Amino acid sequence: KAIIMVKTFWYYVRLIVWPRRLGLFHVWGYHFEEPIEHIDLDFWAGAVALISYTVFILHCPPPVQFGLIWALVYLIVFSNLITAQQFVSERYSFISTLGYCIAIAYYLQAYPIISAFLIGLGMMRIWVHLPTFKNEVTFYESNFWNFPTSEVAMGNLGVAYLNHGLGGKAVDTWNQASAQNRLYDVPFYNLYS
């Protein structure tokens, strides 16, 4: 499904440039829905991004070419090229981020103030996100807060609650997950286990 691959590529490009929400499970493209197969603004943005990558790779200095090729290779691998309609996750774009950093560093080497500002923004974002790794519960709660309509996030949060002795909260979360999507069987399995 070429349309889905191009749209997934664009999703990852946006996720790398500005990861608005951080979480283990994203809701975009998780369920196969008819509109994801249609050509729309996301498809055209993905096509422009692919063309731009090609042009930049052909006409930029070697360090930038290396960084862009690095980013492109890892983005393409996880843009539903291997298995059409796999779910998306930010962890798939982490290696590509290193390629972007190489390309950006090349252009910012003469501007230390701008570099320091961008590094500071990145550090602040990481600093704010670090408490979510305190334990399993805070990690999955963060995922649920960022994606409150994700039944997968709710299901995993329920398991984390149960692992920490919070059985009542686990049952409530699994009930909420099963109400969110009646076709997702994991919360039902957890409830009846």
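What you see is a predicted model; the values in this text were computed from it and never measured. Along each chain, the written sequence defines residue order, and numbers are assigned to residues from 1. pLDDT decides what is reported in this predicted model: residues at 70 or higher carry local features, side-chain atom pairs at 80 or more are listed and counted, and totals for whole chains, interfaces and linings draw on all residues regardless. Side-chain numbers here rest on the full set of heavy atoms in the structure, without hydrogens or water.

1. Side note on the side chain of Thr132
Part 1: Helix and strand assignments follow DSSP, with helices taken as H or I runs no shorter than four residues and strands as E runs no shorter than two, numbered in order from the N terminus. Take Thr132: it is sitting in the loop between helix H5 (112-129) and helix H6 (136-146).
Part 2: Residue Thr132 is classed as buried on the basis of its relative accessible area, which comes to 12%.
Part 3: Apart from the residues within four sequence positions on either side, Thr132 is in contact with Thr138, Phe139 and Ser142. Only protein chains enter the accessibility calculation, which uses a 1.4 Å probe. A residue is then buried if its area is under 20% of the maximum for its type, exposed if over 50%, and partly exposed in between. Contacts are assigned to residue pairs that have any heavy atoms within 4.5 Å of one another.

2. Let's talk about the environment of Leu75
Part 1: If you trace the backbone, Leu75 turns up in helix H3 (residues 62-81).
Part 2: Sequence separation of Leu75 and Trp10 is 65 residues, and the distance between their C-alpha atoms is 9.4 Å.
Part 3: For Leu75, the residues in contact, after removing those within four places along its chain, are Phe9, Tyr12, Val13, Ile16, Tyr53, Ser93, Ser96 and Tyr100.

3. Focus on the confidence of the model for the protein chain
The predicted coordinates should not be examined in detail at positions where pLDDT is low.
Part 1: Per residue, pLDDT captures the predictor's confidence, and it can take any value from 0 to 100. The pLDDT averaged across the protein chain works out to 85; a share of 90% of its residues lies at or above 70.
Part 2: For the protein chain, the element scoring lowest by mean pLDDT is helix H1 (residues 2-17), at 84; helix H2 (residues 41-59) scores highest, at 93.

4. So, the nonpolar core
Part 1: The criterion is simple. A nonpolar core is a set of buried Ala, Val, Leu, Ile, Met, Phe, Trp, Tyr and Cys residues joined through side-chain atoms within 4.5 Å. Judged by nonpolar contacts, the single largest core of 18 residues is most densely connected at Phe9, Tyr12, Val13, Tyr53, Leu68, Leu75 and Tyr100.
Part 2: Here this core gets six residues from one element, more than from any other, and that element is H1.
Part 3: When near neighbours in sequence (up to four residues on either side) are disregarded, Val13 contacts Tyr53, Leu75 and Tyr100.

5. Quick word on the packing of aromatic side chains
Part 1: Pairing of aromatic rings covers Phe, Tyr and Trp, the last counted by its six-membered ring, and requires centre-to-centre distances within 6.5 Å; plane angles under 30 degrees mean stacked, over 60 mean edge-to-face, and any other angle means tilted. Using the criterion set out here, one finds nine aromatic pairs in the structure.
Part 2: Between Phe43 and Trp44, the aromatic rings sit 5.1 Å apart at their centres with planes inclined by 75°, giving edge-to-face as the arrangement.
Part 3: For Phe43, a relative accessible area of 13% gives the class buried.
Part 4: Note on Phe66 and Trp70: the rings are 5.7 Å apart at their centroids and 65° apart in plane angle, and the pair reads as edge-to-face. Taken together, the positions of Phe66 and Trp70, both in helix H3 and four residues apart, correspond to about one turn of that helix.
Part 5: Taken together through their ring pairs, the aromatic side chains of Phe9, Tyr53 and Tyr100 make up a single cluster.

6. Observations regarding helix H7 (residues 151-163)
Part 1: With 13 residues, H7 should cover 18 Å at 1.5 Å per step; its first-to-last C-alpha distance of 18 Å lies within 8% of that length.
Part 2: Those residues of H7 that sit buried are Glu151, Val152, Ala153, Met154, Gly155, Leu157, Gly158, Ala160 and Tyr161.
Part 3: Phi turns positive, to about 80°, at Gly165, one or two residues after H7. Multiplying 1.5 Å by the helix residue count minus one yields the expected span of that helix.

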